[in-house]
Amino acid sequence: MNDYTENDIQVLKGLEGVRKRPAMYIGSTNSNGLHHLVWEIVTNSIDEALSGYGNRIIVTLHKDGSCSVSDEGRGIPTGINEAEGRSALELVFCELHAGGKFNDNVYKTAAGLHGVGASVTNALSSYVDVMVYRDGEISHMHFVNGGHIETPLEVLGPTKKHGTTVRFLPDPAIFSTTEFKWETVSDRLQEYAYLMKDVTFILIDERNGQSAEYHYPNGLVEYVETVNQNNTALSPVIYFEDTDLETGIETEVAMQYSSDDYNETIFSYVNNARTRDGGTHETGFKMGLTKAINDFCDASKMNKGKHLEGSDVREGLTAILSLKIPEQYLEFEGQTKGKLGTNEATMIVNNFIYSKLTYYLNENKEAAFNIIKKCIDSENARNAARKAKEELRSNRKPKQEVIISDKLTPAQSKDYARNELFIVEGNSAGGSAKKGRDRVHQAILPLRGKPLNTDSVSLERLLKNEEMSTIIATIGAGYGQSFDLDSIKYGKIIIMSDADSDGAHIQTLLLTFFYHYMRPLITSGHVYVAVPPLYRVYKENGKGQISQEYCWDEESLEAAKKKIGAGYKINRYKGLGEMEDYELKETTMDPRTRRLIQIDIEDPFLVEKRVGILMGNDSQVRKQWVEENVDFNKPDPFLKEVKNG
Ligand code: 0RA
């Protein structure tokens with residue numbers, strides 16, 4: 001059909017590379033990778049908006065499984081690029097990294113590790129259809145099968161509009177799932193809307209008629225308000241912004257202290273991408289914050305000349321820090337590039353927060369008084385906890401091993417870092433786990449099936465709940481303000497529940513509990529969810545010999561059927577309780593063969609939203625939400641990568 005020139009062959013080599021190793025460009029070929037295709041296009045539209053062109057971005061999920069992204073920017077240039085002899089539009093979609101060459105926007109939205117542009121989306125799509133509205137003309141191009149030009153650049157007619165619409169259908173040969181998730185797209189667009197107060201994001205789901213519009217004229221202030229909606233705030237949200245004239249670095253922060261929260265929640269962004277591992281801007285923020293509060297304390301003689309530590313001034317603080325850094329100063333570090341390395345950011349943010357907050361505290365005496373009092377309370381609590389710990393150590397009697405609960409089957413080893421605590425749903429599964437465990441390093445704590453399943457459980461009531469106090473005592477490191485990560489008795493806390501809605505509910509309640517009362521346990525990666533298999537495919541072959549395969553998803557089920565061959569039988573596991581102890585051991589507990597998901601709660605409003613729904617009073621809403629949003633075969637938004645070991 002098409003005559004390919006040498007040029008095309010070269011182009012396809014580039015895109016072929018993407019198809020051969022998609023994970024290098026989009027991280028993975030699961031649901032995460034799939035949604036990367038959307039982010040690649042959306043970030044282009046955002047860059048246009050941030051450069052001052054267009055303030056409305058519409059994402060549509062179509063019935064045929066495709067997604068389109070429309071903006072009201074300048075439109076992708078359609079003129080012929082002299083050096084290449086091809087249109088800029090074609091280059092943007094066929095050349096890796098081509099976008100940057102033509103686009104001189106100052107702040108480039110960092111699409112994270114894999115931000116390589118629209119050509120990656122093209123390479124991994126069955127089709128891409130592009131409409132450009134620019135210079136009074138509608139231009140059109142159509143690509144198929146991973147970037148082959150099916151319709152070369154053509155002009156369809158006149159227009160008064162300007163902007164770009166890109167529609168693409170993910171290639172099912174590449175992805176393990178090609179179904180866009182409302183929740184995933186919606187959460188990300190909402191997050192973008194909080195970060196870009198001038199831009200409206202609209203999501204339309206034509207598959208079910210659902211739609212949403214996100215626009216937050218008060219930006220980060222509304223973000224913090226949402227995150228803190230269930231807390232008792234010590235002041236209205238405090239907001240500052242400034243631009244450093246020398247570098248052009250823009251800094252924005254919204255922050256608020258709560259009296260009933262002992263956690264530190266600082267989220268930072270650079271050019272609208274999360275910096276998960278912090279970096280120089282967070283360091284500068286913490287330095288400036290600590291100094292501003294200490295200097296104010298000294299000046300107002302509120303703390304008898306004593307010095308507050310960083311952790312004292314951050315307890316109960318929720319802060320969102322967002323920087324815009326011009327490309328020439330942009331530097332990321334770490335394996336996943338989630339850490340800002342820009343040296344200039346340290347002093348810029350330090351000076352920024354120090355001077356703005358000092359001014360604020362002097363101008364808002366009531367808020368200042370409440371905040372300082374909270375910080376001093378934290379300091380006192382820290383000192384009291386340290387004293388208690390010292391006294392415990394100086395007590396010469398050998399520490400008596402407390403028998404915590406008759407429900408706990410302890411591990412024999414005292415090698416706490418290596419020990420594992422399985423929190424198991426239900427007594428019958430608890431029994432199998434007890435028999436199947438490695439008695440040296442694995443401890444079993446069965447939970448009664450139902451206690452958490454009552455309607456409207458408040459966290460306060462949860463604390464009084466027997467199961468919860470048993471968990472606190474078993475982990476052995478306290479909770480809340482006095483939680484001490486150094487005292488935990490297990491290197492891994494593993495939640496083992498059924499793959500059904502009760503199991504998901506129990507998981508969420510436990511995670512929510514850990515998130516609020518033992519957050520360091522989660523942030524330092526000690527909490528896991530065990531993933532039991534869904535099927536066993538087996539066959540008896542002659543002399544009582546059995547060949548078998550365990551399967552964790554439909555894909556491996558198909559593979560296993562082929563491998564075991566004709567006459568196979570299938571066990572579908574409905575719950576942990578149905579498994580024999582040796583099965584449970586082999587599939588779910590033995591470090592050599594099991595699957596674990598490490599918990600990594602990253603997104604503050606996702607957590608709050610979930611907590612709101614799952615801890616709320618409306619069991620109907622909760623049930624519906626679980627049914628619509630929890631996919632028992634896949635890691636859910638609370639959970640990150642699958643790891644063995
Ligand atoms: C290259 C150069 C310019 C804009 C864009 C690309 C652009 C790309 C996308 C992708 C989706 N929407 C987009 N909008 C614009 C700059 C154009 C100029 O200087 O006029």
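Residues numbered from 1 in each chain as written. Predicted model: local features only at pLDDT ≥ 70, side-chain atom pairs only at ≥ 80, totals over all residues. Heavy atoms only, no water.

1. Focus on the sheet that holds strand β11 (residues 238-243)
Whenever strands of a sheet pair, they do so through backbone hydrogen bonds, lying parallel or antiparallel. Ordered in space as β11-β12-β15-β13-β14, the five strands form an open sheet in which the pairing is mixed. A single partner strand is all that each edge strand has here, and the edge strands are β11 and β14 (273-274). In this sheet, strand β15 (residues 317-324) lies alongside strand β13 (residues 265-270) in parallel orientation, the contact comprising six bridges. Each bridged residue has a counterpart across the sheet, and for Ser268 the counterpart in β15 is Leu321. (Pairing = 2+ DSSP bridges. Helix = DSSP H or I, 4+ residues; strand = E, 2+ residues; numbered from the N terminus.)

2. A word on the pattern of salt bridges
This structure, assessed with the given rule, holds 23 salt bridges. The closest approach of N and O atoms between Arg86 and Glu90, which form a salt bridge, is 3.0 Å. Judged by relative accessible area, Glu90 falls into the buried class, the value being 12%. Notably, a salt bridge pairs Arg382 with Asp312, separated by 2.6 Å at the nearest N-O pair. In this pair, Arg382 sits in helix α12 (residues 365-394) while Asp312 sits in helix α10 (residues 310-314), placing the two residues 70 residues apart along the sequence. Take Arg382: its relative accessible area is 25%, and that puts it in the partly exposed class. (Salt bridge = Lys/Arg side-chain N within 4 Å of Asp/Glu carboxyl O. Buried < 20%, exposed > 50% of the residue type's maximum accessible area, 1.4 Å probe, protein only.)

3. Section: the sheet that holds strand β23 (residues 545-551)
Pairing within the open sheet is antiparallel, and its three strands lie in the order β23-β22-β24. On the outer flanks of this sheet lie β23 and β24 (569-572), each paired with one strand and no other. Averaged over all neighbouring strand pairs, the angle between strand axes comes to 25 degrees, with direction disregarded. Pairing geometry for strand β22 (residues 535-541) and β23, over seven bridges, is antiparallel. Bridging from a neighbouring strand, Lys539 pairs with Ser547 of β23. Contacts between helix α19 (residues 581-589) and the sheet are confined to β22, β23 and β24, with β23 contributing the most and set at about 45 degrees to the helix. (Axes fitted to C-alpha atoms, helices over the stretch in contact; angles between N-to-C directions. Contact = heavy atoms within 4.5 Å.)

4. A closer look at the nonpolar core
Within the largest apolar cluster, 61 residues are counted, with the highest numbers of intra-cluster contacts made by Val59, Phe93, Leu124, Leu189 and Phe201. Among the elements that make up this core, the one with the highest residue count is helix α3 (residues 31-50) (eight residues). Not counting residues up to four positions away in its chain, the partners in contact with Leu189 are Val42, Val59, Phe201, Ile202, Leu203 and Tyr214. If you look at the next biggest cluster of nonpolar residues, it comprises 38 residues, including Phe240, Val270, Ile293 and Ala367. (Core = buried A, V, L, I, M, F, W, Y, C linked by side-chain atoms within 4.5 Å.)

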